[in-house]
Amino acid sequence: MKALLVTGTLAEDAVKSYAQESSVKTEVHVLKVPVAALLTPDAIAKALKAEKTEGFDVILVPGLIRGDTTVISKMVGVPAFKGPKYAADLPTVLDSLDEVTLSTVIPACDLLREKLRQKALEELDKVERNRESLLKNPGNMLIKNLAVGRDFPMRVMAEIVDAALMPKNEVQRLAANFVNQGADVVDVGMVAGESRPAYARELVEAIKSVVDAPVSIDSLDPAEIKAAVEAGADLILSVDAGNLEAVAPLASEVAVVAIPTNQREGYFPKKAEERVKFLEEIIQKARELGITRVMGDLILEPSNILESLLAFRMFAAANPEVPLFVGVSNVTELFDADSVGVNALLARLSSEVGASMLLATEKSDKAKGTVREEVTAAKMMFLAKMRGSVPKDLGLDLLVLKDKRNREEAYDRTLETNIHVTVASKKPEPVVLDEKGSFRIAVDRVDGNIVALHYTSRGLDKPVNIIKGKTAESVYMKIAEMGLVTRIDHAAYLGSELAKAEMALKTGKQYLQDYSLF
(Lines give C-alpha, C1' and ligand atoms only; values in the text may rest on other atoms or scores of the structure.)
Protein backbone atom coordinates (compact mmCIF):
# COMPACT_ATOMS: atom_id res chain seq x y z
CA MET A 1 0.00 0.00 0.00
CA LYS A 2 1.34 3.39 -1.02
CA ALA A 3 -0.53 6.64 -0.42
CA LEU A 4 -0.18 10.09 -1.94
CA LEU A 5 -0.97 12.82 0.57
CA VAL A 6 -2.07 16.18 -0.80
CA THR A 7 -1.74 19.32 1.33
CA GLY A 8 -1.00 23.05 1.33
CA THR A 9 2.20 24.87 2.20
CA LEU A 10 1.37 25.72 5.82
CA ALA A 11 0.62 22.12 6.78
CA GLU A 12 3.50 20.55 4.83
CA ASP A 13 5.82 19.93 7.79
CA ALA A 14 3.06 18.60 10.02
CA VAL A 15 1.78 16.21 7.34
CA LYS A 16 5.26 14.87 6.63
CA SER A 17 5.99 14.44 10.34
CA TYR A 18 2.78 12.59 11.21
CA ALA A 19 2.93 10.44 8.05
CA GLN A 20 6.25 9.01 9.26
CA GLU A 21 4.47 7.58 12.32
CA SER A 22 2.53 5.19 10.08
CA SER A 23 3.77 1.91 8.63
CA VAL A 24 2.20 2.82 5.26
CA LYS A 25 4.50 4.16 2.56
CA THR A 26 3.62 7.74 1.69
CA GLU A 27 4.63 10.70 -0.41
CA VAL A 28 3.48 14.24 0.24
CA HIS A 29 2.46 16.48 -2.64
CA VAL A 30 2.33 20.15 -1.68
CA LEU A 31 0.16 22.46 -3.75
CA LYS A 32 0.92 26.18 -3.87
CA VAL A 33 -1.93 27.16 -1.58
CA PRO A 34 -1.18 28.18 2.04
CA VAL A 35 -4.34 26.82 3.69
CA ALA A 36 -5.17 23.26 2.61
CA ALA A 37 -8.86 23.70 3.42
CA LEU A 38 -9.13 26.26 0.62
CA LEU A 39 -8.30 23.66 -2.01
CA THR A 40 -11.06 22.23 -4.19
CA PRO A 41 -11.39 18.77 -5.77
CA ASP A 42 -11.22 20.35 -9.26
CA ALA A 43 -8.04 22.26 -8.42
CA ILE A 44 -6.41 19.15 -6.95
CA ALA A 45 -7.43 17.04 -9.96
CA LYS A 46 -5.92 19.54 -12.42
CA ALA A 47 -2.70 19.81 -10.41
CA LEU A 48 -2.25 16.03 -10.10
CA LYS A 49 -3.02 15.38 -13.75
CA ALA A 50 0.31 16.92 -14.63
CA GLU A 51 2.14 14.78 -12.06
CA LYS A 52 3.18 11.15 -12.13
CA THR A 53 0.72 9.23 -9.97
CA GLU A 54 1.54 5.72 -11.14
CA GLY A 55 2.43 3.39 -8.30
CA PHE A 56 0.05 4.94 -5.80
CA ASP A 57 -2.83 2.88 -4.46
CA VAL A 58 -4.74 5.76 -2.93
CA ILE A 59 -4.79 9.55 -2.79
CA LEU A 60 -5.78 11.30 0.44
CA VAL A 61 -6.75 14.97 0.31
CA PRO A 62 -7.37 17.31 3.28
CA GLY A 63 -10.55 16.37 5.13
CA LEU A 64 -11.63 20.00 5.46
CA ILE A 65 -12.00 20.69 1.74
CA ARG A 66 -15.50 21.05 0.32
CA GLY A 67 -16.91 18.84 -2.38
CA ASP A 68 -16.59 15.27 -3.67
CA THR A 69 -13.20 13.73 -4.49
CA THR A 70 -14.68 11.49 -7.22
CA VAL A 71 -13.58 14.06 -9.80
CA ILE A 72 -9.96 13.48 -8.76
CA SER A 73 -10.27 9.72 -9.16
CA LYS A 74 -11.76 10.09 -12.64
CA MET A 75 -9.14 12.54 -13.87
CA VAL A 76 -6.07 10.91 -12.31
CA GLY A 77 -7.05 7.23 -12.39
CA VAL A 78 -6.21 6.58 -8.73
CA PRO A 79 -8.88 6.21 -6.01
CA ALA A 80 -9.05 9.52 -4.11
CA PHE A 81 -10.71 10.00 -0.73
CA LYS A 82 -10.99 12.59 1.96
CA GLY A 83 -8.32 12.16 4.59
CA PRO A 84 -8.54 13.42 8.17
CA LYS A 85 -9.27 17.04 9.07
CA TYR A 86 -6.11 17.29 11.10
CA ALA A 87 -2.62 15.99 10.39
CA ALA A 88 -2.39 14.44 13.86
CA ASP A 89 -4.97 11.81 12.82
CA LEU A 90 -2.99 10.70 9.75
CA PRO A 91 -1.24 7.72 11.43
CA THR A 92 -4.57 6.27 12.59
CA VAL A 93 -6.19 6.74 9.18
CA LEU A 94 -3.25 5.37 7.21
CA ASP A 95 -2.92 2.29 9.41
CA SER A 96 -6.65 1.59 8.95
CA LEU A 97 -6.67 1.68 5.14
CA ASP A 98 -6.94 -2.09 4.83
CA GLU A 99 -9.83 -2.27 7.30
CA VAL A 100 -12.01 0.75 6.55
CA THR A 101 -13.68 1.91 3.35
CA LEU A 102 -13.01 5.64 3.11
CA SER A 103 -15.41 8.21 1.71
CA THR A 104 -15.21 10.76 -1.09
CA VAL A 105 -17.30 13.24 0.90
CA ILE A 106 -16.87 12.47 4.64
CA PRO A 107 -13.53 13.21 6.35
CA ALA A 108 -11.72 10.01 7.31
CA CYS A 109 -11.41 10.96 10.98
CA ASP A 110 -15.19 11.40 11.27
CA LEU A 111 -15.75 8.11 9.46
CA LEU A 112 -13.36 6.21 11.73
CA ARG A 113 -14.78 7.81 14.86
CA GLU A 114 -18.30 6.82 13.89
CA LYS A 115 -17.22 3.30 12.94
CA LEU A 116 -15.49 2.85 16.31
CA ARG A 117 -18.60 4.13 18.05
CA GLN A 118 -20.87 1.83 16.06
CA LYS A 119 -18.62 -1.14 16.82
CA ALA A 120 -18.85 -0.36 20.53
CA LEU A 121 -22.63 -0.01 20.40
CA GLU A 122 -22.95 -3.28 18.46
CA GLU A 123 -20.94 -5.11 21.13
CA LEU A 124 -23.24 -3.72 23.81
CA ASP A 125 -26.35 -4.53 21.79
CA LYS A 126 -25.20 -8.13 21.33
CA VAL A 127 -25.16 -8.56 25.11
CA GLU A 128 -28.70 -7.21 25.39
CA ARG A 129 -29.90 -9.55 22.63
CA ASN A 130 -28.50 -12.52 24.57
CA ARG A 131 -30.07 -11.49 27.86
CA GLU A 132 -32.45 -14.45 28.12
CA SER A 133 -29.61 -16.94 28.23
CA LEU A 134 -27.43 -14.66 30.39
CA LEU A 135 -30.21 -14.22 32.95
CA LYS A 136 -29.92 -17.93 33.72
CA ASN A 137 -26.44 -17.35 35.14
CA PRO A 138 -26.09 -16.71 38.89
CA GLY A 139 -25.59 -13.07 39.79
CA ASN A 140 -28.15 -11.76 37.27
CA MET A 141 -31.78 -10.72 37.75
CA LEU A 142 -34.66 -9.01 35.98
CA ILE A 143 -36.13 -5.77 37.34
CA LYS A 144 -39.27 -5.11 35.30
CA ASN A 145 -37.84 -5.41 31.76
CA LEU A 146 -34.27 -4.50 32.76
CA ALA A 147 -31.59 -7.21 32.99
CA VAL A 148 -29.19 -6.48 35.86
CA GLY A 149 -26.09 -8.35 36.97
CA ARG A 150 -22.49 -9.31 36.46
CA ASP A 151 -22.98 -10.33 32.79
CA PHE A 152 -24.44 -6.95 31.80
CA PRO A 153 -23.15 -3.37 31.72
CA MET A 154 -23.55 -1.54 35.01
CA ARG A 155 -27.01 0.03 35.01
CA VAL A 156 -27.55 3.61 36.11
CA MET A 157 -30.24 4.64 38.57
CA ALA A 158 -31.09 8.35 38.36
CA GLU A 159 -32.48 9.63 41.63
CA ILE A 160 -34.83 12.60 41.70
CA VAL A 161 -33.54 13.95 44.99
CA ASP A 162 -36.27 15.33 47.29
CA ALA A 163 -38.96 14.43 44.76
CA ALA A 164 -41.43 14.50 47.66
CA LEU A 165 -40.92 18.28 47.86
CA MET A 166 -41.56 18.90 44.16
CA PRO A 167 -44.75 19.29 42.13
CA LYS A 168 -45.61 16.21 40.06
CA ASN A 169 -45.08 17.90 36.70
CA GLU A 170 -41.50 18.82 37.65
CA VAL A 171 -40.83 15.25 38.79
CA GLN A 172 -42.20 13.97 35.49
CA ARG A 173 -40.01 16.39 33.55
CA LEU A 174 -36.89 15.29 35.42
CA ALA A 175 -37.77 11.61 35.00
CA ALA A 176 -38.22 11.97 31.23
CA ASN A 177 -35.01 13.99 30.99
CA PHE A 178 -32.98 11.41 32.92
CA VAL A 179 -34.29 8.56 30.76
CA ASN A 180 -33.47 10.56 27.62
CA GLN A 181 -29.91 10.84 28.95
CA GLY A 182 -29.73 7.05 29.24
CA ALA A 183 -30.80 6.32 32.83
CA ASP A 184 -31.99 2.72 33.26
CA VAL A 185 -33.97 3.27 36.46
CA VAL A 186 -35.71 6.36 37.87
CA ASP A 187 -35.64 6.69 41.65
CA VAL A 188 -38.21 8.63 43.67
CA GLY A 189 -36.33 10.36 46.48
CA MET A 190 -38.45 10.81 49.58
CA VAL A 191 -37.54 12.96 52.60
CA ALA A 192 -35.80 11.22 55.50
CA GLY A 193 -37.64 11.50 58.81
CA GLU A 194 -40.99 12.23 57.19
CA SER A 195 -43.78 9.92 56.06
CA ARG A 196 -45.78 10.86 52.95
CA PRO A 197 -47.24 7.59 51.63
CA ALA A 198 -50.04 9.22 49.65
CA TYR A 199 -47.61 11.43 47.73
CA ALA A 200 -45.19 8.52 47.23
CA ARG A 201 -48.01 6.67 45.50
CA GLU A 202 -48.85 9.69 43.32
CA LEU A 203 -45.21 10.25 42.33
CA VAL A 204 -44.66 6.63 41.28
CA GLU A 205 -47.85 6.70 39.21
CA ALA A 206 -46.88 10.05 37.67
CA ILE A 207 -43.43 8.83 36.63
CA LYS A 208 -44.71 5.54 35.25
CA SER A 209 -47.12 7.50 33.06
CA VAL A 210 -44.26 9.25 31.24
CA VAL A 211 -41.40 6.69 31.14
CA ASP A 212 -41.22 2.95 30.54
CA ALA A 213 -38.12 2.44 32.71
CA PRO A 214 -38.26 0.68 36.09
CA VAL A 215 -39.15 2.99 38.97
CA SER A 216 -37.70 2.67 42.47
CA ILE A 217 -38.78 4.18 45.78
CA ASP A 218 -35.97 5.69 47.88
CA SER A 219 -37.20 5.40 51.45
CA LEU A 220 -36.78 3.38 54.61
CA ASP A 221 -40.34 4.16 55.74
CA PRO A 222 -42.55 1.05 55.42
CA ALA A 223 -45.69 3.14 54.82
CA GLU A 224 -44.12 5.01 51.89
CA ILE A 225 -42.68 1.77 50.52
CA LYS A 226 -46.07 0.05 50.74
CA ALA A 227 -47.82 2.87 48.88
CA ALA A 228 -45.10 2.98 46.21
CA VAL A 229 -45.15 -0.78 45.61
CA GLU A 230 -48.93 -0.75 45.32
CA ALA A 231 -48.55 2.03 42.71
CA GLY A 232 -46.18 -0.16 40.68
CA ALA A 233 -42.67 0.55 41.99
CA ASP A 234 -40.25 -2.09 40.69
CA LEU A 235 -37.41 -1.65 43.19
CA ILE A 236 -37.14 -0.74 46.88
CA LEU A 237 -34.19 1.37 47.98
CA SER A 238 -33.58 0.33 50.73
CA VAL A 239 -34.12 -2.39 53.33
CA ASP A 240 -32.00 -2.70 56.45
CA ALA A 241 -32.11 -4.45 59.81
CA GLY A 242 -34.52 -1.83 61.11
CA ASN A 243 -37.29 -2.10 58.51
CA LEU A 244 -36.76 -5.55 56.99
CA GLU A 245 -39.55 -7.40 58.77
CA ALA A 246 -42.07 -4.66 58.02
CA VAL A 247 -41.05 -4.38 54.35
CA ALA A 248 -40.63 -8.10 53.54
CA PRO A 249 -44.36 -8.82 53.00
CA LEU A 250 -44.40 -6.02 50.40
CA ALA A 251 -41.31 -7.17 48.51
CA SER A 252 -42.14 -10.68 47.31
CA GLU A 253 -42.74 -9.43 43.75
CA VAL A 254 -40.16 -6.61 43.56
CA ALA A 255 -36.41 -6.27 43.89
CA VAL A 256 -34.76 -4.64 46.90
CA VAL A 257 -31.42 -3.04 47.73
CA ALA A 258 -30.18 -4.14 51.15
CA ILE A 259 -27.81 -1.97 53.18
CA PRO A 260 -25.72 -2.90 56.27
CA THR A 261 -27.40 -0.51 58.72
CA ASN A 262 -30.06 -0.32 61.35
CA GLN A 263 -31.25 3.23 60.83
CA ARG A 264 -33.87 2.84 63.56
CA GLU A 265 -31.11 2.31 66.11
CA GLY A 266 -28.53 4.53 64.40
CA TYR A 267 -26.13 1.65 63.73
CA PHE A 268 -23.69 1.53 60.80
CA PRO A 269 -20.47 -0.52 61.01
CA LYS A 270 -17.40 1.36 59.80
CA LYS A 271 -14.99 -1.53 59.27
CA ALA A 272 -15.20 -3.44 55.97
CA GLU A 273 -15.33 -6.86 57.62
CA GLU A 274 -18.16 -5.78 59.92
CA ARG A 275 -20.18 -4.33 57.04
CA VAL A 276 -19.82 -7.50 54.99
CA LYS A 277 -20.89 -9.73 57.88
CA PHE A 278 -23.86 -7.53 58.79
CA LEU A 279 -25.09 -7.28 55.18
CA GLU A 280 -24.81 -11.05 54.73
CA GLU A 281 -26.99 -11.50 57.81
CA ILE A 282 -29.60 -9.04 56.52
CA ILE A 283 -29.73 -10.68 53.07
CA GLN A 284 -30.00 -14.14 54.58
CA LYS A 285 -32.93 -13.02 56.71
CA ALA A 286 -34.52 -11.27 53.70
CA ARG A 287 -34.47 -14.54 51.78
CA GLU A 288 -35.96 -16.40 54.71
CA LEU A 289 -38.78 -13.81 54.71
CA GLY A 290 -39.52 -14.48 51.03
CA ILE A 291 -37.57 -11.73 49.24
CA THR A 292 -36.06 -13.38 46.16
CA ARG A 293 -34.35 -10.54 44.31
CA VAL A 294 -31.79 -8.74 46.48
CA MET A 295 -28.99 -6.36 45.58
CA GLY A 296 -26.29 -5.43 48.08
CA ASP A 297 -25.04 -1.91 48.86
CA LEU A 298 -22.09 -1.74 51.24
CA ILE A 299 -22.46 2.10 51.17
CA LEU A 300 -19.79 4.22 49.50
CA GLU A 301 -18.79 6.75 52.16
CA PRO A 302 -17.34 10.02 50.81
CA SER A 303 -15.09 10.31 53.89
CA ASN A 304 -13.99 6.67 53.86
CA ILE A 305 -13.82 5.67 50.19
CA LEU A 306 -11.05 3.07 50.38
CA GLU A 307 -12.60 1.17 53.31
CA SER A 308 -15.95 1.23 51.51
CA LEU A 309 -14.48 -0.20 48.31
CA LEU A 310 -12.71 -2.90 50.30
CA ALA A 311 -16.07 -3.86 51.77
CA PHE A 312 -17.61 -4.08 48.30
CA ARG A 313 -14.74 -6.24 47.05
CA MET A 314 -14.81 -8.57 50.04
CA PHE A 315 -18.57 -9.00 49.79
CA ALA A 316 -18.43 -9.67 46.03
CA ALA A 317 -15.77 -12.34 46.48
CA ALA A 318 -17.84 -14.16 49.11
CA ASN A 319 -21.27 -13.57 47.50
CA PRO A 320 -20.87 -13.59 43.69
CA GLU A 321 -24.58 -14.36 43.24
CA VAL A 322 -25.65 -11.00 44.76
CA PRO A 323 -25.57 -8.00 42.36
CA LEU A 324 -23.93 -4.92 43.86
CA PHE A 325 -25.33 -1.41 44.01
CA VAL A 326 -22.81 1.47 44.36
CA GLY A 327 -23.87 4.98 45.34
CA VAL A 328 -21.33 6.77 43.19
CA SER A 329 -23.02 10.14 43.69
CA ASN A 330 -22.46 9.87 47.44
CA VAL A 331 -18.94 10.96 46.53
CA THR A 332 -19.53 13.08 43.41
CA GLU A 333 -21.96 15.43 45.15
CA LEU A 334 -19.50 16.07 48.00
CA PHE A 335 -16.37 16.46 45.88
CA ASP A 336 -15.37 19.93 44.64
CA ALA A 337 -14.02 18.67 41.34
CA ASP A 338 -15.49 18.41 37.86
CA SER A 339 -17.95 15.54 37.93
CA VAL A 340 -16.94 14.01 34.60
CA GLY A 341 -13.53 12.86 35.87
CA VAL A 342 -14.81 11.83 39.29
CA ASN A 343 -17.63 9.77 37.79
CA ALA A 344 -15.33 8.10 35.25
CA LEU A 345 -12.86 7.01 37.93
CA LEU A 346 -15.57 5.87 40.35
CA ALA A 347 -17.23 3.89 37.57
CA ARG A 348 -13.92 2.15 36.90
CA LEU A 349 -13.46 1.31 40.58
CA SER A 350 -17.08 0.16 40.80
CA SER A 351 -16.53 -2.11 37.81
CA GLU A 352 -13.45 -3.60 39.44
CA VAL A 353 -15.35 -4.49 42.61
CA GLY A 354 -18.12 -6.09 40.54
CA ALA A 355 -20.89 -3.48 40.63
CA SER A 356 -24.11 -4.03 38.70
CA MET A 357 -25.84 -0.69 39.30
CA LEU A 358 -24.65 2.87 39.95
CA LEU A 359 -26.53 5.70 41.62
CA ALA A 360 -26.56 9.09 39.85
CA THR A 361 -27.88 12.30 41.35
CA GLU A 362 -27.78 15.88 40.08
CA LYS A 363 -28.71 17.73 43.26
CA SER A 364 -25.85 20.25 43.26
CA ASP A 365 -25.00 22.49 40.30
CA LYS A 366 -21.53 20.98 39.95
CA ALA A 367 -23.08 17.52 39.57
CA LYS A 368 -25.27 18.47 36.61
CA GLY A 369 -24.64 16.03 33.78
CA THR A 370 -23.83 13.15 36.14
CA VAL A 371 -26.52 10.86 34.70
CA ARG A 372 -25.14 11.12 31.17
CA GLU A 373 -21.57 10.79 32.46
CA GLU A 374 -22.29 7.64 34.47
CA VAL A 375 -24.23 6.08 31.58
CA THR A 376 -21.25 6.56 29.25
CA ALA A 377 -18.76 5.50 31.91
CA ALA A 378 -20.72 2.30 32.63
CA LYS A 379 -20.64 1.34 28.95
CA MET A 380 -16.93 2.16 28.69
CA MET A 381 -16.04 -0.03 31.67
CA PHE A 382 -18.08 -2.96 30.38
CA LEU A 383 -16.43 -2.73 26.95
CA ALA A 384 -13.00 -2.58 28.58
CA LYS A 385 -13.83 -5.66 30.66
CA MET A 386 -15.11 -7.56 27.61
CA ARG A 387 -12.03 -6.68 25.58
CA GLY A 388 -9.58 -7.18 28.44
CA SER A 389 -8.29 -3.65 28.00
CA VAL A 390 -8.06 -0.34 29.78
CA PRO A 391 -10.88 2.19 29.13
CA LYS A 392 -9.12 3.76 26.16
CA ASP A 393 -9.76 3.73 22.39
CA LEU A 394 -13.15 2.10 22.95
CA GLY A 395 -15.26 4.18 20.58
CA LEU A 396 -16.89 5.88 23.56
CA ASP A 397 -15.24 8.42 25.82
CA LEU A 398 -15.78 11.12 28.43
CA LEU A 399 -13.33 13.65 27.06
CA VAL A 400 -15.09 16.98 27.53
CA LEU A 401 -12.59 19.72 28.37
CA LYS A 402 -9.46 18.07 27.03
CA ASP A 403 -8.57 16.35 23.76
CA LYS A 404 -7.31 12.83 23.23
CA ARG A 405 -4.56 14.09 20.95
CA ASN A 406 -3.30 17.54 20.09
CA ARG A 407 -4.43 18.61 16.61
CA GLU A 408 -3.44 22.22 17.10
CA GLU A 409 -1.15 23.62 14.44
CA ALA A 410 1.84 25.25 16.09
CA TYR A 411 2.17 28.97 15.46
CA ASP A 412 5.10 29.82 13.24
CA ARG A 413 6.67 32.91 14.79
CA THR A 414 8.92 33.38 11.77
CA LEU A 415 5.85 34.71 9.95
CA GLU A 416 6.32 37.91 11.96
CA THR A 417 9.60 38.68 10.22
CA ASN A 418 9.37 42.05 8.43
CA ILE A 419 5.64 42.19 9.16
CA HIS A 420 3.91 44.85 11.24
CA VAL A 421 2.63 43.11 14.37
CA THR A 422 -0.07 44.74 16.48
CA VAL A 423 -0.52 43.64 20.08
CA ALA A 424 -4.17 44.00 21.03
CA SER A 425 -5.02 45.18 24.52
CA LYS A 426 -8.40 45.58 26.07
CA LYS A 427 -9.09 49.21 26.88
CA PRO A 428 -12.44 50.56 28.02
CA GLU A 429 -13.98 52.63 25.25
CA PRO A 430 -17.27 54.48 25.06
CA VAL A 431 -20.01 52.13 23.89
CA VAL A 432 -21.79 53.22 20.73
CA LEU A 433 -25.19 51.60 20.62
CA ASP A 434 -26.32 49.84 17.47
CA GLU A 435 -29.19 51.69 15.85
CA LYS A 436 -31.00 48.38 15.48
CA GLY A 437 -30.97 47.75 19.22
CA SER A 438 -29.23 45.56 21.77
CA PHE A 439 -29.25 41.90 22.83
CA ARG A 440 -29.44 39.98 26.07
CA ILE A 441 -28.07 36.45 25.75
CA ALA A 442 -29.40 33.57 27.87
CA VAL A 443 -29.29 29.78 27.92
CA ASP A 444 -32.40 27.59 28.10
CA ARG A 445 -31.11 24.42 29.78
CA VAL A 446 -34.48 22.69 29.65
CA ASP A 447 -34.54 22.61 25.84
CA GLY A 448 -30.79 23.05 25.34
CA ASN A 449 -31.09 26.32 23.41
CA ILE A 450 -29.06 29.49 23.16
CA VAL A 451 -31.45 32.45 23.35
CA ALA A 452 -30.86 35.96 22.01
CA LEU A 453 -33.41 38.51 23.22
CA HIS A 454 -33.50 41.60 21.00
CA TYR A 455 -34.46 44.98 22.47
CA THR A 456 -34.93 48.35 20.79
CA SER A 457 -34.71 51.78 22.37
CA ARG A 458 -38.49 51.99 22.20
CA GLY A 459 -39.08 48.81 24.19
CA LEU A 460 -36.38 48.17 26.76
CA ASP A 461 -38.79 46.44 29.13
CA LYS A 462 -39.76 43.68 26.72
CA PRO A 463 -37.86 42.03 23.83
CA VAL A 464 -39.01 42.78 20.29
CA ASN A 465 -37.54 39.54 18.91
CA ILE A 466 -36.38 36.27 20.46
CA ILE A 467 -34.00 34.14 18.41
CA LYS A 468 -33.31 30.58 19.64
CA GLY A 469 -30.97 27.88 18.37
CA LYS A 470 -28.75 24.97 19.36
CA THR A 471 -25.51 26.58 18.17
CA ALA A 472 -23.96 30.02 18.24
CA GLU A 473 -23.64 29.91 14.45
CA SER A 474 -27.33 29.21 13.86
CA VAL A 475 -28.33 32.12 16.12
CA TYR A 476 -25.95 34.75 14.74
CA MET A 477 -26.69 33.73 11.16
CA LYS A 478 -30.40 34.26 11.82
CA ILE A 479 -29.69 37.63 13.49
CA ALA A 480 -27.70 38.72 10.44
CA GLU A 481 -30.40 37.43 8.09
CA MET A 482 -33.01 39.47 10.00
CA GLY A 483 -30.83 42.57 9.74
CA LEU A 484 -30.76 43.15 13.50
CA VAL A 485 -27.13 44.26 13.72
CA THR A 486 -25.39 47.06 11.80
CA ARG A 487 -22.11 47.72 13.61
CA ILE A 488 -19.03 45.52 13.17
CA ASP A 489 -18.07 45.82 16.85
CA HIS A 490 -21.60 44.81 17.87
CA ALA A 491 -21.49 41.79 15.56
CA ALA A 492 -18.10 40.75 16.98
CA TYR A 493 -19.43 41.13 20.52
CA LEU A 494 -22.50 39.05 19.71
CA GLY A 495 -20.39 36.29 18.18
CA SER A 496 -18.21 36.17 21.29
CA GLU A 497 -21.15 36.03 23.72
CA LEU A 498 -23.05 33.43 21.69
CA ALA A 499 -19.96 31.23 21.54
CA LYS A 500 -19.63 31.52 25.34
CA ALA A 501 -23.29 30.55 25.74
CA GLU A 502 -22.80 27.47 23.53
CA MET A 503 -19.75 26.44 25.54
CA ALA A 504 -21.70 26.92 28.78
CA LEU A 505 -24.44 24.60 27.51
CA LYS A 506 -21.92 21.94 26.52
CA THR A 507 -19.85 22.04 29.71
CA GLY A 508 -22.48 22.86 32.32
CA LYS A 509 -20.68 26.08 33.30
CA GLN A 510 -22.90 28.98 34.29
CA TYR A 511 -23.37 31.67 31.65
CA LEU A 512 -23.23 35.31 32.71
CA GLN A 513 -23.20 37.86 29.92
CA ASP A 514 -20.03 39.99 29.83
CA TYR A 515 -18.21 37.66 32.24
CA SER A 516 -15.58 35.03 31.42
CA LEU A 517 -16.57 31.34 31.59
CA PHE A 518 -13.28 30.29 33.21
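Just so it is clear, the model here is predicted, and its values are computed rather than measured.

## A short note on the overall build of the protein
Thought 1: A count of helical and extended segments in the protein gives 17 helices and 17 strands.
Thought 2: For the C-alpha atoms alone, the extent of the protein along its principal axes is close to 85 × 70 × 40 Å.
Thought 3: Looking at the protein residue by residue over its 518 residues, the buried ones come to 46%.
Thought 4: In the structure as shown, the protein presents an accessible area of about 27,100 Å², 52% of it carried by carbon and sulfur atoms.
Thought 5: If the 65 positive side-chain charges of the protein are averaged to one point and the 75 negative ones to another, these points end up 4 Å apart.

## As for the layout of surface pockets
Thought 1: As a volume, the largest pocket reaches approximately 1,200 Å³.
Thought 2: Considering the residues around the largest pocket, the lining is formed by 36 residues, among which Glu362, Lys368, Gly369, Arg445 and Gly508 are closest to the centre.
Thought 3: By residue number, the principal contributor to the lining of the largest pocket is helix H7 (residues 168-180), which donates 4 residues.
Thought 4: Of the residues contributing to the lining of the largest pocket, the split by class is 12 nonpolar, 8 polar and 16 charged.

## Overview of the sheet that holds strand E3 (residues 58-61)
Thought 1: Strands sit in the order E2-E1-E3-E4 across an open sheet of 4 strands; the sheet is parallel. The strands lining the two open edges of the sheet, one partner per strand, are strand E2 (25-30) and strand E4 (80-82). In this sheet, neighbouring strand axes are inclined to one another by 25° on average, regardless of whether the strands run parallel or antiparallel.
Thought 2: In this structure, strand E1 (residues 2-7) lies alongside E3, joined through 3 bridges in parallel fashion. Paired with Leu4 across the bridge in E3 is Ile59.
Thought 3: Packed on one face of the sheet, helix H2 (residues 41-49) meets E1, E2 and E3 and runs near 120° to E1.

## What to know about the nonpolar core
Generally speaking, nonpolar side chains in soluble globular proteins are found buried as a group.
Thought 1: Residues Ile160, Val188, Ile207 and Ile236 are the most contacted members of the largest nonpolar core, which totals 85 residues.
Thought 2: By residue number, the principal contributor to this core is helix H15 (residues 370-387), which donates 9 residues.
Thought 3: Every residue in contact with Val188, bar those within four places of it in the chain, is listed here: Ile160, Ala163, Leu203, Val204, Ile207, Val215, Ser216, Ile217 and Asp218.
Thought 4: In terms of nonpolar packing, the next biggest core, distinct from the first, is built from 17 residues, Leu5, Val58, Val93 and Leu102 among them.

## Looking at a nonpolar patch on the surface
Thought 1: A cluster of nonpolar side chains, contributed by Val400, Leu401, Met503 and Phe518, occupies part of the molecular surface with about 400 Å² of accessible area.
Thought 2: Note on placement: Val400 falls in the loop between H15 and strand E15 (438-444).
Thought 3: Overall, Val400 belongs to the partly exposed group, its relative accessible area being 38%.

## With respect to the sheet that holds E15
Thought 1: The 3 strands are arranged E15-E16-E17 in an open sheet whose pairing can be described as antiparallel. Because the sheet does not close on itself, it has two edges, and the strands there are E15 and strand E17 (465-469). In this sheet, adjacent strand axes meet at a mean angle of 20° when their direction is disregarded.
Thought 2: Bridge count between E15 and strand E16 (residues 449-455): 7 bridges; the pairing is antiparallel. Each residue of the ladder has a partner; that of Ser438, found in E16, is Tyr455.
Thought 3: Helix-sheet contacts for helix H16 (residues 472-481) involve E15, E16 and E17, and the interaxial angle to E17 is about 150°.
Thought 4: Against the sheet, helix H17 (residues 488-507) makes contact with E15 and E16, and its axis sits at roughly 10° relative to E15, the strand it touches most.

## Looking at empty space enclosed by the protein
Thought 1: On inspection of all chains with the given rule, the structure shows 1 cavity of 30 Å³ or more.
Thought 2: Here the largest cavity is characterised by a volume of approximately 30 Å³.
Thought 3: Taken together, Phe152, Pro153, Met154, Ser351, Ala355, Phe382 and Lys385 make up the full set of residues lining the largest cavity.
Thought 4: A class-by-class count of the residues in the lining of the largest cavity yields 5 nonpolar, 1 polar and 1 charged.

What counts and what doesn't
- Residues numbered from 1 in each chain as written.
- Predicted model: local features only at pLDDT ≥ 70, side-chain atom pairs only at ≥ 80, totals over all residues.
- Heavy atoms only, no water.
- Helix = DSSP H or I, 4+ residues; strand = E, 2+ residues; numbered from the N terminus.
- Buried < 20%, exposed > 50% of the residue type's maximum accessible area, 1.4 Å probe, protein only.
- Areas by Shrake-Rupley, 256 points an atom, 1.4 Å probe, with all protein chains shown as cover.
- Lys, Arg positive; Asp, Glu negative; His and termini not counted.
- Charge placed at Lys NZ, Arg CZ, Asp CG, Glu CD.
- 1 Å grid on protein atoms, 1.4 Å probe; cavity = no way out; pocket = protein on both sides within 12 Å on 5 of 7 lines; lining within 4 Å.
- Points joined across faces, edges and corners; volume = space filled by probe spheres on them.
- Nonpolar A, V, L, I, M, F, W, Y, C, P; charged D, E, K, R; others polar.
- Pairing = 2+ DSSP bridges.
- Axes fitted to C-alpha atoms, helices over the stretch in contact; angles between N-to-C directions.
- Contact = heavy atoms within 4.5 Å.
- Core = buried A, V, L, I, M, F, W, Y, C linked by side-chain atoms within 4.5 Å.
- Patch = residues over 30% accessible without salt bridge, like charges linked within 9 Å, V, L, I, M, F, W, Y side chains within 5 Å.
- Salt bridge = Lys/Arg side-chain N within 4 Å of Asp/Glu carboxyl O.

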